[in-house]
Amino acid sequence: MDLEENIIAPKLLTAMRYTLFSGGKRLRPILTRMTAELLAGDVVSALKVGAALEMIHTYSLIHDDLPSMDNDDFRRGKATNHRVYGEGIAILAGDGLLTYAFNILANLSLPAERIVRIIQLISDGAGINGMVAGQVLDLEAEDRKIGLKELKEIHRAKTGALFRTAILAGAFCADPEDKEIDALRKYANYLGLTFQIVDDILDVIGDEDKLGKKTGSDEELNKATYPKLIGLDQARAEAENTATLAREALNMFGEKADNLLQLIDYILIRQS
Ligand SMILES: CC(C)=CCC/C(C)=C/COP(=O)(O)OP(=O)(O)O
Ligand SMILES: C=C(C)CCOP(=O)(O)OP(=O)(O)O
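So, here's what we can say about the structure. Keep in mind the model is a prediction, meaning the values are calculated, not measured.

**Let's talk about the nonpolar core**
Thought 1: One finds L31, V49, I118, L184, Y187 and L191 to be the most contacted residues of the largest nonpolar core, which totals 77 residues.
Thought 2: Ranked by residue count, the leading element in this core is helix α9 (residues 178–205), at 12 residues.
Thought 3: With residues near it in sequence (within four places) discarded, L184 still touches T35, L38, L39, I167, L168, A171, L250, F253 and L260.

So, in structure tokens, the structure goes:
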């Protein structure tokens, strides 16, 4: 089914497209593509997998912004989905993006067992063993004192899981060796943590126009963050440390991993 062919409920498609095409860094599809390229995999399939992941990520943002979750008014430089289309349609636009993503994955031109592997990986990382679970932990931690260890676990599931999934799904667009998967998983874990520490820092010091979303919302919702738990300077140092570990994880690939290395710098530079 082509997304454009949805004529039963045109408003659903409009609401899905509204947030999907309102800008966004496209980090997860970029990672999928870079990883497939690193391992000389099928780049066309990687782009399709990346599109599916971006749909899943976009659904998660639409739902994360809802009044029952973070209650945010701005996302990607525009009014949030529910502010424009109302809560009901926003929930359904998220549902539509999530399910359509799996339609794209089911239609990949890869060997059937590879497609099944990618679908398993993504439903796991985006679902009850990854992002959805992380969001639950995040909600439960509001207004509660938590330590760094618990915060790391929340970040690992809420944000890290989809990064890890994007990278490993890119690897399965090739024919990876076990040691390559191990190295990429390590890179993904440290990259995801670096990203979320930087996101925490940007919520304190970031420019709302550049970020396209409101800052200070973690404080407003009384959420535990790296700057809150260890201070801004220590949080920056921690982001540098995890970035170094992400770089080291790529050592076995040498220069071939330059793009993945540059992505670490891109994430770090955003908070400097
Ligand atoms: C199943 C769902 C709804 C998952 C949401 C996952 C997620 C990473 C939300 C954004 O996190 P955030 O609140 O830390 O970021 P932002 O500041 O961009 O809202
Ligand atoms: C996971 C978090 C913290 C939500 C924002 O993710 P991104 O910063 O990748 O958002 P977009 O560029 O896709 O809007």
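**Side note on the site of ligand 2**
Thought 1: All residues adjacent to ligand 2 are G24, K25, R28, H57, L61, R76, T159, F195, Q196 and D199.
Thought 2: Contact between ligand 2 and R28: an oxygen atom at 2.8 Å from a side-chain N or O atom of the residue.
Thought 3: A distance of 2.8 Å separates an oxygen atom of ligand 2 from a polar side-chain atom of H57.
Thought 4: Contributing elements (two or more residues each) for the shell around ligand 2: α3 (43–64) and α9.
Thought 5: No other element matches the 3 residues that α9 contributes to the shell around ligand 2.

**Remarks on the site of ligand 1**
Thought 1: With respect to spatial proximity, the complete set of residues near ligand 1 consists of Y59, S60, H63, D64, D70, R75, M131, Q135, K158, Q196, D199 and K213.
Thought 2: Between an oxygen atom of ligand 1 and a side-chain N or O atom of D64, the distance comes to 3.0 Å.
Thought 3: One of the side-chain N or O atoms of K213 is found 2.6 Å from an oxygen atom in ligand 1.
Thought 4: Here ligand 1 loses 91% of its free accessible area of 510 Å² to cover by the protein chains.
Thought 5: Only α3, α7 (131–141) and α9 provide two or more residues apiece to the shell around ligand 1.
Thought 6: No other element matches the 4 residues that α3 contributes to the shell around ligand 1.
Thought 7: Among the residues forming the shell around ligand 1, the class breakdown is 2 nonpolar, 4 polar and 6 charged.

**Brief notes about the side chain of H57**
Thought 1: With respect to the helices and strands, the residue H57 is situated in helix α3.
Thought 2: Classification of H57 as buried rests on a relative accessible area of 11%.
Thought 3: Of note is the side chain of H57, whose polar atom sits 3.2 Å from the side chain of R28.
Thought 4: Those residues in contact with H57, other than ones at most four positions away along the chain, are R28, R76 and L162.

**Some details on the packing of aromatic side chains**
The geometry of an aromatic ring pair comes down to the distance between the two centres and the angle between the two planes.
Thought 1: Considering all chains together, one arrives at 2 aromatic pairs under this definition.
Thought 2: A ring pair is formed by Y18 and Y85, whose centres lie 5.5 Å apart and whose planes are at 80°; its orientation type is edge-to-face. Taken together, the positions of Y18 in helix α1 (residues 10–20) and Y85 in helix α4 (residues 81–85) put the pair 67 residues apart, joining distant regions of the chain. The two residues Y18 and Y85 agree in class, both being buried.
Thought 3: A centroid spacing of 4.8 Å and a plane angle of 50° characterise the contact between F163 and F195, whose relative ring orientation is tilted. Residue F163 is located in helix α8 (residues 148–171), and its partner F195 is located in helix α9; the two are separated by 32 residues in the primary sequence.
Thought 4: What makes F163 buried here is its relative accessible area of 0%.
Thought 5: Above the plane of the ring of F195 lies R28, whose end atom (NZ or CZ) is 5.7 Å from the centre.

Each value, and the rule that gives it
- Residues numbered from 1 in each chain as written.
- Chains lettered and ligands numbered in written order.
- Predicted model: local features only at pLDDT ≥ 70, side-chain atom pairs only at ≥ 80, totals over all residues.
- Heavy atoms only, no water.
- Core = buried A, V, L, I, M, F, W, Y, C linked by side-chain atoms within 4.5 Å.
- Buried < 20%, exposed > 50% of the residue type's maximum accessible area, 1.4 Å probe, protein only.
- Helix = DSSP H or I, 4+ residues; strand = E, 2+ residues; numbered from the N terminus.
- Contact = heavy atoms within 4.5 Å.
- Near = heavy atom within 4 Å.
- Polar contact = N/O pair within 3.5 Å; in protein donor to acceptor, adjacent residues only side chain to side chain.
- Areas by Shrake-Rupley, 256 points an atom, 1.4 Å probe, with all protein chains shown as cover.
- Nonpolar A, V, L, I, M, F, W, Y, C, P; charged D, E, K, R; others polar.
- Phe/Tyr/Trp six-rings, centres within 6.5 Å; stacked < 30°, edge-to-face > 60°.
- Lys NZ or Arg CZ within 6 Å of the ring centre and 35° of its normal.

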